[in-house]
Amino acid sequence: MLSMGKLDGKVAMVTGGSRGLGEADSRILAREGAKVVVCDILDTEGEALAAEIDGAYIHLDVTSEEQWIKAIAFAEEKFGPVDILINNAGVVAFTPLDSCDLAEWNRVIEINLTGTFLGIRHIAASMERAGSGVIVNISSTAGLTGYSQLGAYVASKWGVRGLTKSAALDLAKYNIRVVSVHPGPIETPMTAGLDVGFSRRPIPRIGQPEEVAAMVLFLVADATFSTGTEFVLDGGATIGEMVRS
Ligand code: NAD
């Protein structure tokens, strides 16, 4: 007997899908029956993952409008109109704002924010053809509060959060939901070597990619009355400070 998945018959694209959070998202969506197009600039890792999850891989630098158009056409040719887009590709840079040069600022904004815009801009027509869609934009707790040394990243992630709301309003006419996800520190290559003081947090540990992927699956498959809003998973890091008595 064939097992039933929550996403049988669906087509998904995951940017930055080759490793880290994007890999975990790709795996869970495929496990639930979706045909997943892994999109990244890390081709070797992406191709291996796509083969493992019976999906497909395409090289997509999210800052390139041309590559977005090609990647969506590839997904449609291979599997059909796209139902699910996870805008996950992102980079971080640690520099205080008073020494952040323009090139670094532009790079972070281009990948994290403009890359997300381009995905929204070009996936809408495919989702219209599909009849409905869900776009999950991976922001961060850096889209909820400020952090020292992360000014460009914080600006990009607040941008993603705001963009999500406008996209939810503009694309509602195509039956597309758009939501933002706000993880705290998660154990991926991005956070390797990062020293975060977890001891005074309500959940005093780093998060796992699978915990974010579980949220993404919930948003895609079950959160049918949610659009334009924030979904936070940060071990309580942003709710307030624990006072020592
Ligand atoms: P990661 O560095 O492990 O993976 C990021 C992936 O994005 C990589 O595969 C990389 O090749 C890809 N990528 C980078 N630039 C790209 C581009 N121009 N076009 C296409 N792909 C590109 O990082 P991660 O921790 O898995 O982060 C994934 C997302 O989650 C990012 O948007 C990040 O900001 C966000 N996030 C991460 C954490 C965390 O603690 N790890 C917390 C909050 C939010």
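What counts and how
Here, residues in each chain are numbered from 1, in the same order as that chain's written sequence. With the structure being a predicted model, the display of local features is reserved for residues of pLDDT at least 70 and the display and counting of side-chain atom pairs for 80 or more, all residues being used for whole-chain, interface and lining totals. The basis for every side-chain value is the complete set of non-hydrogen atoms in the structure, without hydrogens or water. Every case where a carboxyl oxygen of Asp or Glu lies within 4 Å of a side-chain nitrogen of Lys or Arg is listed as a salt bridge. Starting at the N terminus, helices and strands are each numbered in turn, a helix being any DSSP run of H or I of at least four residues and a strand any DSSP run of E of at least two. Only protein chains enter the accessibility calculation, which uses a 1.4 Å probe; a residue whose area is less than 20% of its type maximum is buried, one above 50% is exposed, and one in between is partly exposed. Pairing between two strands is assigned when DSSP locates at least 2 bridges connecting them. By definition, the crossover connecting two strands over a helix is right-handed if that path, from the first strand to the second, turns clockwise as seen with the strands pointing away from the viewer. Working convention for charge: Lys and Arg count positive, Asp and Glu count negative, and His plus the chain ends are omitted. Two N or O atoms count as a polar contact when they lie within 3.5 Å, although within protein this holds only if one can serve as hydrogen donor and the other as acceptor, and sequence-adjacent residues are included solely when both atoms are side-chain atoms. Here a residue-residue contact requires only that any non-hydrogen atoms of the pair lie within 4.5 Å. Any residue with a heavy atom lying within 4 Å of a molecule or strand is counted as near it. Method for areas: the Shrake-Rupley scheme with a 1.4 Å probe, in which residue coverage is limited to the protein chains shown. In this count, Pro and Cys sit with the nonpolar residues alongside Ala, Val, Leu, Ile, Met, Phe, Trp and Tyr, while Asp, Glu, Lys and Arg are called charged and the others, Gly among them, polar. Residue count minus one, scaled by 1.5 Å, sets the expected span of a helix.

Student: Could you give an account of the pattern of salt bridges, naming the residues involved and the relevant values?
Tutor: Considering all chains together, one arrives at 10 salt bridges under this definition. Of the charged contacts in the structure, one is a salt bridge between E230 and R161, with a shortest N-O distance of 2.8 Å. Taken together, the residues span a long stretch of sequence, with E230 in strand β7 (residues 230-233) and R161 in helix α5 (residues 151-171) at a distance of 69 residues. Accessibility expressed as a relative area gives 24% for E230, which makes it partly exposed. R205 is paired through a salt bridge with E211; the nearest N and O atoms lie 2.8 Å apart. On the basis of relative accessible area, R205 is assigned to the partly exposed category, the value being 43%. Within the structure, one salt-bridge network assembled from shared partners comprises E23, R27 and E52.

Student: Which residues make up the pairing of strand β4 (residues 84-87), and what values do they have?
Tutor: Taking every second residue as pointing to the same face, both faces of β4 are buried, with I84 and I86 on one and L85 and N87 on the other. In terms of strand pairing, strand β1 (residues 11-15) meets β4 through 3 bridges, oriented parallel. Residue pairing for β4: M13 is matched across the bridge by L85. A crossover connection joins β4 to the parallel strand β5 (residues 133-138) through helix α4 (residues 102-130); in handedness this β-α-β unit is right-handed.

Student: Residue-level account of the side chain of D234, with values.
Tutor: With respect to the helices and strands, the residue D234 is situated in the segment after β7. Although D234 is buried, it forms no salt bridge, and the closest oppositely charged side chain is R201 at an N-O distance of 7.1 Å. A distance of 2.6 Å separates a polar atom in the side chain of D234 from a polar atom in the side chain of T238. Aside from chain neighbours lying at most four places away, what touches D234 is T141 and G184.

Student: Hey, could you go over the pairing of strand β6 (residues 176-183) for me, with residue numbers and the actual values?
Tutor: β6 sits mainly inside the fold: 8 of its 8 residues count as buried. Across the two faces of β6 the burial is the same, with I176, V178, S180 and H182 and R177, V179, V181 and P183 all buried. When β5 meets β6, the two strands line up parallel, connected through 6 bridges. By the bridge assignment, N137 is partnered in β6 with S180. Following the chain from β5 across α5 to the adjacent parallel β6, one finds a crossover that is right-handed. Here 4 bridges tie β6 to β7, and the two strands are oriented parallel to one another. Pairing of P183 across the sheet is with L233, part of β7. For the crossover from β6 across helix α6 (residues 209-221) to β7, the handedness is left-handed.

Student: Could you give an account of the site of the ligand, with specific residues and numbers?
Tutor: Around the ligand, the surrounding shell holds 28 residues, and the nearest of these are R19, D40, Y153, I186 and T188. Between the ligand and D40 there is a distance of 2.6 Å, counted from an oxygen atom to a side-chain nitrogen or oxygen. Y153 has a polar side-chain atom sitting 2.6 Å from an oxygen atom of the ligand. In isolation the ligand has 830 Å² of accessible area, and contact with the protein removes 95% of it. Among the residues forming the shell around the ligand, the class breakdown is 15 nonpolar, 9 polar and 4 charged.

Student: An account of helix α1 (residues 20-31) is requested, with residue identities and associated values reported.
Tutor: Compared with an ideal rise of 1.5 Å per residue, which puts 12 residues at 16 Å, α1 spans 17 Å between its outermost C-alpha atoms and is within 8% of the ideal. Counting buried residues along α1, 9 of its 12 residues qualify, which places the element largely inside the surrounding structure. Turning to α1, its buried residues number three or more, namely G20, L21, G22, A24, D25, S26, I28, L29 and A30. Contacts made by the buried residues of α1 are with β1, β2 (35-40), α2 (43-52), β4, β6 and α6.

Distances and angles like these do not, on their own, reveal function.
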